[in-house]
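Fold and geometry: a report
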Amino acid sequence: MAKVLVLYYSSWGHVSEMAQAVADGARSVAGTEVAVKRVPELVPEAVRQSAHYKDESGVPVATVDELAQYDAIIIGTPTRYGNMASQMKNFLDQTGGLWAKGALVGKVGSVFTSTATQHGGQESTILSTHTVLLHLGLVIVGLPYSFQGQMGVSEVMGNSPYGASTIADGDGSRRPSAVELDGARYQGRHVAEIAAKLSA
Ligand SMILES: Cc1cc2nc3c(=O)[nH]c(=O)nc-3n(C[C@H](O)[C@H](O)[C@H](O)COP(=O)(O)O)c2cc1C
């Protein structure tokens, strides 16, 4: 049985909505145990409130050490200037002890994201997060073109072979679309299937 962690950071709820879809996809693989957790918030509470961040307090916060328990870790982070959010980077920068022991080597790693604009750095965010996961020894899995939903140009949409993604718009008013959520579910399922094979 594969254990999958969906680990995310989200300010305004786009990545958290995608995270639930990723988790649903992973759960659809029989025998998969799925946990959805977030990394700690770092901005002061007053800033969080004045910027109208979504209340994520109902979602458990992950500890760094628990990463070693999972067969797959799927990371969700919004873009910050084309890179992962500092909340996620801060969490990952505490994995030195796990890195030293090789505790994450051979696990499956995968990344999904959200940006405000269509070309605002989805691919750079996912690929630069892959770099960290590769240093830790994870085996990277994306969103292959067998997910046909990422083909075509009939609508504005996220998703790429690197991973599922959504576009929030500058004011955050756009929510993850049907095809973006389908991509997230596909990625979750795909990761869980590969994790099951690797952990068999
Ligand atoms: C400091 C900061 C930097 C950002 N940088 C980018 C960027 O480079 N490109 C972009 O399209 N959106 C950028 N955004 C917008 C966020 O990526 C967007 O709000 C986020 O994807 C929404 O996801 P969430 O609701 O899960 O927080 C930035 C937002 C902030 C606060």
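Residues numbered from 1 in each chain as written. Predicted model: local features only at pLDDT ≥ 70, side-chain atom pairs only at ≥ 80, totals over all residues. Heavy atoms only, no water.

1. Things to note about the environment of Gly170
What counts, and what does not: By the criteria applied, helices consist of DSSP H or I runs no shorter than four residues and strands consist of E runs no shorter than two, each listed in order from the N terminus. Buried means the residue's accessible area, taken with a 1.4 Å probe over protein chains only, is under 20% of the maximum for its type, while exposed means over 50%, and partly exposed covers the values in between.
By the secondary structure assignment, Gly170 is in the loop between strand E7 (165–167) and helix H6 (178–199). Residue Gly170 is classed as exposed on the basis of its relative accessible area, which comes to 66%. In this structure the C-alpha to C-alpha distance between Gly170 and Thr115, which are 55 residues apart in sequence, comes to 8.7 Å.

2. Topic: the pairing of strand E1 (residues 3–8)
Put simply, the test is: Two strands are counted as paired when DSSP detects at least two bridges linking them. The definition of a right-handed crossover adopted here requires that, viewed with the strands pointing away, the path from the first strand over the helix to the second runs clockwise.
Burial runs high along E1: 5 of the 6 residues are buried. Here 6 bridges tie E1 to strand E2 (residues 33–38), and the two strands are oriented parallel to one another. Bridge pairing links Tyr8 to Arg38 in E2. Crossover handedness for the path E1 to helix H1 (residues 14–27) to E2: right-handed. By the bridge criterion, 5 bridges tie E1 to strand E3 (residues 72–80) in an arrangement that is parallel. Within E3, the position partnered with Leu7 by the bridge is Ile75.

3. Considerations on unusual backbone geometry
With phi around 60°, His52 is a residue other than glycine that occupies positive phi space. Its location among the elements puts His52 in the loop between helix H2 (45–50) and E3. The residue Asn159 is not glycine, and still its phi comes out positive at about 80°. Positionally, Asn159 belongs in the loop between strand E6 (139–140) and E7. Exposure remark for Asn159: the relative accessible area of 11% places this residue in the buried category.

4. Things to note about the side chain of Gln87
Heads up, the condition is: Counting of polar contacts relies on pairs of N or O atoms within 3.5 Å, with two restrictions inside protein: one atom must be capable of donating a hydrogen and the other of accepting it, and residues adjacent in sequence are counted only when both atoms are side-chain atoms. Whether two residues are in contact is decided by their heavy atoms: any pair within 4.5 Å suffices.
With respect to the element layout, Gln87 can be found in helix H3 (residues 86–92). Using a relative accessible area of 4% as the deciding quantity, one classes Gln87 as buried. Of note is the side chain of Gln87, whose polar atom sits 3.5 Å from the side chain of Ser86. Other than its neighbours up to four places away in sequence, Gln87 contacts Tyr9, Val39, Pro40, Glu41, Leu42 and Val43.

5. Here's the deal with the UniProt feature "binding site: FMN" (unreviewed entry) in the chain
Keep this limit in mind: UniProt positions are given in the numbering used here, feature names are shortened, and annotations may be inferred rather than shown by experiment.
Listed under "binding site: FMN" (unreviewed entry) in the UniProt record, and renumbered for this structure, are Ser10, Ser11, Trp12, Gly13, His14, Val15, Thr79, Arg80, Tyr81 and His135. Across 126 residues, the annotated set is spatially dispersed, with a maximum C-alpha separation of 29.3 Å. Structurally, Ser11 is set in the loop between E1 and H1. Ser11 gets classed as buried once you look at its relative accessible area, which sits at 2%. Not counting residues within four places of it along the chain, the set of residues in contact with Ser11 comprises Tyr53, Lys54 and Arg80. A distance of 2.9 Å separates the side chain of Ser11 from the side chain of Tyr9, its partner in a polar contact. Tracing the backbone through its elements, the reader meets Tyr81 in the loop between E3 and strand E4 (83–84).

6. With respect to the nonpolar core
Rule in force here: We call a set of buried residues a nonpolar core when its members are Ala, Val, Leu, Ile, Met, Phe, Trp, Tyr or Cys and they connect through side-chain atoms within 4.5 Å of each other.
Within the largest apolar cluster, 30 residues are counted, with the highest numbers of intra-cluster contacts made by Val4, Val6 and Phe112. Counting only elements with at least two residues in this core, the list comes to E1, H1, E2, E3, strand E5 (108–115) and H6. It is H1 that provides the largest number of residues to this core, a total of 7 residues. Every residue in contact with Phe112, bar those within four places of it in the chain, is listed here: Val6, Val15, Met18, Ala19, Val22, Ile74, Ile75, Gly76, Thr77, Ile126, Ala164 and Gln187. Counting 25 residues, the second-largest nonpolar core is a separate cluster that includes Tyr9, Ala62, Leu98 and Leu136.

7. What to know about the UniProt feature "binding site: substrate" (unreviewed entry) in the chain
UniProt feature "binding site: substrate" (unreviewed entry): in the numbering of this structure it lies at Trp99. With respect to the element layout, Trp99 can be found in helix H4 (residues 96–101). Sequence-distant contacts of Trp99, defined by excluding residues within four places in its chain, comprise His135 and Leu136.

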